Amino acid sequence: MIGKRTRTRAGGAGPARGRLRAALGVTTTALLTVTALAALPRTAAHAADTLGGAAAEKGRYFGAAVAANHLGEAQYAATLDREFSSVTPENEMKWDAVEPSRGTFLFSRADQIVDHARNKGMKVRGHTLVWHSQLPSWVSGLGASELRSAMNNHITQVMTHYKGQIHSWDVVNEAFQDGDSGARRNSPFQQKLGNGFIEEAFRTARATDPDAKLCYNDYNTDGVNAKSNAVYAMVKDFTSRGVPIDCVGFQSHFNPNSPVPSDYRANLQRFADLGVDVQITELDIEGSGQAQATNYGNVTKACLAVTRCTGITVWGIPDKYSWRSSGTPLLFDDNYTKKPAYDAVLSALGGAPGSGDPGDPGDPDAACTATYTTAEQWSGGYNGKVTITAGGSPITAWSVDVTTTAPQKVVSVWNGSPTWDGGGNVMTVRSSWNGSLAAGASTSFGFTVNGGTAPPPRVGACTAS
């Protein structure tokens, strides 16, 4: 995943990882989603042409891991909004992001993702509350009593902030080690609090938000093996004693050295038979072409075959932003073009591949204009303003290039999300909170330039979706 962490897993190193628009459920386990039926204006006679829509018609969600810093990219946001019904923050809810120092909570980046998802009618998976990685150094330095207090306070504060907004939480993540031992991972929590820390975390989570689904999440547990057996034994013990656990997450990171196991479906089913939901939480499959498509289709079919498999989340949107991008493991290529794997998933979900727009991230009639004015000027620089105006159709996102001439440099930008070329003088500004405009409506972004006032910046054509 895109982030600051690595870990060892079969076949490679990598990270851990619902708009749940529900259709009429075919089993009693789908009844919880019936209230969202109005969000999916389809009939059985018309096959869905998006991942989220097709999954909803099966009573499930189809989600993606999302990075806040990409939401300003028009194609990224448009593909997310069109295709997915659930989001999982990639890194923005992890301990180092939300509580970098003890008692100081920073929610702005995670809020950006949650607000975007809820504004688009999507559901949100919370990831993750207790995990040995991406853990601030101050946590590891605590003694046992202080660590217990800090863990429970972290769970309480984060879940309270998002209470009523998260459909499932990864309460504890990756607490078992790899290999044949089935042992617990030697984390600060395990070292100082012992085996009971997982149960305590789940009980604290239930007390904080009784309505959220509480999940245990791990990798290399996709088939029956020593690690999955250890997780199974824990879940069985929890359910027998009334410890609050509602779901188990299977990360499902696959590659040629760690392929989809032949007993994948049976493994999901044995956990479901314990009375918990199962979720595929971080799916990505390295490869390309028909082989990759077949694997994606088989994973999707396995979930559909298990009544309590409530949804699938892929760990990213385009290949270029994947935590293992060289393996091209996702459903969209670097240009957001749908891959054969996309069609395989949509077909497995009962959708209609090719019936929609094949990869266009937005309305082909969407258009906008960009107009530049100098707002303020002084001897060494100026403030520029670019006004974005939608054309004859509403738009959901926009972007425009602004080019300055050396030695001029843009030193700050507001009301837009900027990126720069290698030379630092061509700035692409994409919409942030202000991407959605009605036909003919306007918004603006501004920037400060140091290094002279002439010549004025060159503003390129506005691109909308």
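It should be noted that the structure appears before, not after, this text.
Calculation criteria
Residues numbered from 1 in each chain as written. Predicted model: local features only at pLDDT ≥ 70, side-chain atom pairs only at ≥ 80, totals over all residues. Heavy atoms only, no water. 1 Å grid on protein atoms, 1.4 Å probe; cavity = no way out; pocket = protein on both sides within 12 Å on 5 of 7 lines; lining within 4 Å. Points joined across faces, edges and corners; volume = space filled by probe spheres on them. Helix = DSSP H or I, 4+ residues; strand = E, 2+ residues; numbered from the N terminus. Nonpolar A, V, L, I, M, F, W, Y, C, P; charged D, E, K, R; others polar. Phe/Tyr/Trp six-rings, centres within 6.5 Å; stacked < 30°, edge-to-face > 60°. Buried < 20%, exposed > 50% of the residue type's maximum accessible area, 1.4 Å probe, protein only. Pairing = 2+ DSSP bridges. Axes fitted to C-alpha atoms, helices over the stretch in contact; angles between N-to-C directions. Expected span 1.5 Å × (residues − 1). Disulfide = S-S within 2.5 Å. Salt bridge = Lys/Arg side-chain N within 4 Å of Asp/Glu carboxyl O.

Draft legend 1. A look at the layout of surface pockets. Considering only enclosed or pocket space, the second largest pocket measures out at about 360 Å³ in volume. With four residues, the top contributor of residues to the lining of the second largest pocket is helix α4 (residues 108-119). For the lining of the second largest pocket, the residue count by class is four nonpolar, nine polar and three charged.

Draft legend 2. Structural view of the packing of aromatic side chains. In total, this model carries 17 aromatic pairs according to the counting rule given. Consider the rings of Phe 84 and Phe 332, whose centres lie 6.5 Å apart with planes at 65 degrees: the pair is edge-to-face. Remark: Phe 332 occurs in the loop between β11 (309-314) and α12 (340-348) and Phe 84 occurs in the loop between α2 (74-83) and β4 (86-89); sequence separation between them is 248 residues. The same class applies to Phe 84 and to Phe 332, which are both buried.

Draft legend 3. Summary view of the sheet that holds strand β15 (residues 409-414). Spatially, β12-β13-β18-β15 is the arrangement adopted by the four strands of the open sheet, whose pairing is antiparallel. The strands lining the two open edges of the sheet, one partner per strand, are β12 (368-378) and β15. Between one strand axis and the next, the sheet turns by 25 degrees as a mean value, whatever way the strands run.

Draft legend 4. Here's a closer look at unusual backbone geometry. A cis amide bond, omega 10 degrees, links Ala 406 with the succeeding residue Pro 407. Residues Ala 454 and Pro 455 are joined by a peptide bond in cis, for which omega reads -10 degrees. Along the chain, Pro 455 turns up in the loop between β18 (442-450) and β19 (458-459). Non-glycine residue Glu 174 carries a positive phi angle of around 55 degrees. Within the fold, Glu 174 resides in the loop between β6 (168-173) and α7 (188-193). The backbone of Tyr 336 shows a phi angle near 70 degrees, a positive value even though the residue is not glycine.

Draft legend 5. Region of interest: helix α6 (residues 144-161). Counted at 1.5 Å a residue, the expected span for α6 with its 18 residues is 26 Å, and the 26 Å between its end C-alpha atoms agrees. Looking at α6, one finds that the buried residues are Leu 147, Ala 150, Met 151, Asn 152, His 154, Ile 155, Val 158 and Met 159.

Draft legend 6. Local environment of the state of the cysteines. On inspection of all chains with the given rule, the structure shows three disulfides. Here Cys 303 pairs with Cys 309 through a disulfide, and the sulfurs are 2.1 Å apart. With the S-S bond torsion at -100 degrees, the cross-link from Cys 303 to Cys 309 turns out left-handed. With respect to class, Cys 303 is no different from Cys 309; both count as buried. With its sulfur 1.9 Å from that of its partner, Cys 368 forms a disulfide with Cys 462. When the S-S torsion is -95 degrees, as for the bridge of Cys 368 with Cys 462, the disulfide is left-handed. Of the two residues, Cys 368 sits in strand β12 while Cys 462 sits in the loop between β19 and β20 (463-464), which places them 94 residues apart along the sequence. Neither Cys 368 nor Cys 462 differs from the other in exposure class; each is buried.

Draft legend 7. Molecular detail of the pairing of strand β17 (residues 426-430). Bridge analysis of strand β14 (residues 398-403) against β17 gives five bridges, and the strand direction is antiparallel. Looking across to β17, one finds that Thr 403 is bridged to Val 426. Relative to β17, strand β16 (residues 417-420) runs antiparallel, the two being bridged by four bridges. Among the inter-strand pairings, Thr 419 is bridged to a residue of β17, identified as Thr 428.

Draft legend 8. Up close: the pattern of salt bridges. This structure, assessed with the given rule, holds 18 salt bridges. A salt bridge links Asp 218 to Lys 227, with the shortest nitrogen-to-oxygen separation between them at 3.2 Å. Within the structure, one salt-bridge network assembled from shared partners comprises Glu 199, Arg 203, Asp 237 and Arg 241.

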